[in-house]
Amino acid sequence: MSLSQKLTVLNKIYRLYDDFTGGLNIACQKYCAECCTSDVTLTTLEGCLIADNLISSRRPDLFEQIRTALPNRRFKPRTTFNRLALLCAKGDDPPREAHDNADESCPLLTDNLCPIYAIRPFGCRCFISTHDCRETGYAKVDPFVITVNTVCLQVIEHIDAMGFSGNFADILLLMENKKNRDPYRMNTLKHLEADFVSNIPIKVLMIPPEHRNKIKPFLNALMSI
């Protein structure tokens, strides 16, 4: 699958999920940025979409903004959703994630607004709550929505199986560099850094028994993409 085809699929997944959440009772509103932290993760496919957009729209200042505001303590995943699914299916324990985070705001956030909102990664899109997090200090998400979120994250990793996952800021700064973007387009991007985890295709979907019937319409629409 070419990068263009992958991006087409990614955007269709985004639209499908936006339609899904459009039918939910959620409290998220403009200027609500309680969940916009520096610990969001994403794939290189999503990072490439954002990086290309920033470059084509001549917003290199946002890369610099990330570098300037980037906290040293930020979440760096040690596994991916599809790897986690395999471990769970085998009954093995997942690696312990080092939650070395400081709960700092996203380095792109400006006056509680996201400058890349239209192309934000799925990790941001699925941060939704049924009540105002600013009042409670935490989000409340229906368990079924969490299942839908997980399946979407697995599929996004699947179509980017030749790529990597990592912290939002690390992936964007990786994809800022043309020397990384060009090999990525050719499915030949290699890395020696410890900040990224290789993606893998789907082997097992993480759908609990109580949600298997309910998710069928959404899953059918997702797989038809």
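If you're wondering where the values come from, they're calculated on a predicted model, not measured in any experiment.

Calculation notes
- Residues numbered from 1 in each chain as written.
- Predicted model: local features only at pLDDT ≥ 70, side-chain atom pairs only at ≥ 80, totals over all residues.
- Heavy atoms only, no water.
- Axes fitted to C-alpha atoms, helices over the stretch in contact; angles between N-to-C directions.
- Helix = DSSP H or I, 4+ residues; strand = E, 2+ residues; numbered from the N terminus.
- Parallel < 35°, antiparallel > 145°, perpendicular 65-115°, else oblique.
- Left-handed = near helix turned anticlockwise from the far one by under 90°.
- Contact = heavy atoms within 4.5 Å.
- Disulfide = S-S within 2.5 Å.
- Buried < 20%, exposed > 50% of the residue type's maximum accessible area, 1.4 Å probe, protein only.
- Core = buried A, V, L, I, M, F, W, Y, C linked by side-chain atoms within 4.5 Å.
- Pairing = 2+ DSSP bridges.
- 1 Å grid on protein atoms, 1.4 Å probe; cavity = no way out; pocket = protein on both sides within 12 Å on 5 of 7 lines; lining within 4 Å.
- Points joined across faces, edges and corners; volume = space filled by probe spheres on them.
- Nonpolar A, V, L, I, M, F, W, Y, C, P; charged D, E, K, R; others polar.
- Salt bridge = Lys/Arg side-chain N within 4 Å of Asp/Glu carboxyl O.
- Phe/Tyr/Trp six-rings, centres within 6.5 Å; stacked < 30°, edge-to-face > 60°.
- Lys NZ or Arg CZ within 6 Å of the ring centre and 35° of its normal.

Examining the packing of helix α7 (residues 143-159) against helix α10 (residues 216-224)
Two numbers describe how α7 lies on α10: the axes approach to 11 Å, and their chain directions differ by 15°. As the angle between them shows, α7 and α10 are arranged roughly parallel. For the element pair α7 and α10, the recorded crossing hand is right-handed. Residues V148, V151, C152 and V155 of α7 lie in contact with α10, whose contacting residues are F218, L219, L222 and M223.

Topic: the state of the cysteines
Applying the stated rule across the entire model yields 0 disulfides. The structure places no disulfide on C88, whose sulfur is separated from the nearest cysteine sulfur, that of C126, by 17 Å. Here C114 is not disulfide-linked; the sulfur of C124 is the nearest cysteine sulfur, at 6.4 Å. Its relative accessible area of 31% is what places C114 among the partly exposed residues.

Quick look at the nonpolar core
The biggest cluster of nonpolar side chains holds 54 residues, and the ones touching the most others in it are Y17 and F168. Elements supplying a minimum of two residues to this core: α1 (3-22), α2 (44-56), α3 (61-69), α7, α8 (168-176) and α10. Not counting the four nearest positions on each side in its chain, F168 is found in contact with V40, T41, L42, I50, C106, L108, I116 and P121.

Things to note about the sheet that holds strand β1 (residues 41-43)
Across the sheet, which stays open at both edges, the 3 strands sit in the order β1-β2-β3 with antiparallel pairing between neighbours. Unpaired on one side and paired on the other, β1 and β3 (196-198) mark the two borders of the sheet. Averaged over all neighbouring strand pairs, the angle between strand axes comes to 25°, with direction disregarded. In this structure, β1 lies alongside strand β2 (residues 164-167), joined through 3 bridges in antiparallel fashion.

A short note on empty space enclosed by the protein
This model, assessed by the stated rule, comprises 1 cavity of 30 Å³ or more. In this structure, the largest cavity is lined by M1, S2, L3, K6, Y184, R185 and N187. Looking at the lining of the largest cavity, the elements with two or more residues in it are α1 and α9 (178-185). When the residues that make up the lining of the largest cavity are grouped by side-chain class, the tally is 3 nonpolar, 2 polar and 2 charged.

Observations regarding the pattern of salt bridges
A full pass over the atoms with the stated rule returns 9 salt bridges. With a closest N to O distance of 3.3 Å, E64 and R67 form a salt bridge. In this pair, E64 and R67 are both assigned in helix α3, 3 residues apart and thus about one turn of the helix distant. Residue class for E64 comes out partly exposed when judged on its relative accessible area of 42%. Judged by its relative accessible area of 39%, R67 is partly exposed. The residue K76 makes a salt bridge to D195 at a minimum N-O spacing of 3.1 Å.

Observations concerning the packing of aromatic side chains
Inspection of the entire model under this criterion finds 4 aromatic pairs. Seen from their ring centres, Y17 and F20 are 5.9 Å apart, and the 40° between their planes marks the pair as tilted. Linking Y17 with F20, this pair stays in helix α1, spanning 3 residues, or about one helical turn. As far as the burial class goes, Y17 and F20 line up, both buried. Ring geometry for Y17 versus F122: centroids 4.6 Å apart, planes at 65°, classification edge-to-face. You can see Y17 sitting in helix α1 and its partner F122 sitting in helix α5 (residues 122-125), a full 105 residues away along the chain. Considered together, Y17 and F122 belong to a single accessibility category, that of buried residues. Counting every residue linked through ring pairs, the aromatic cluster contains Y17, F20, F122, F144 and F218. Sitting over the ring of Y14, R125 keeps its end group 3.8 Å from the ring centre.

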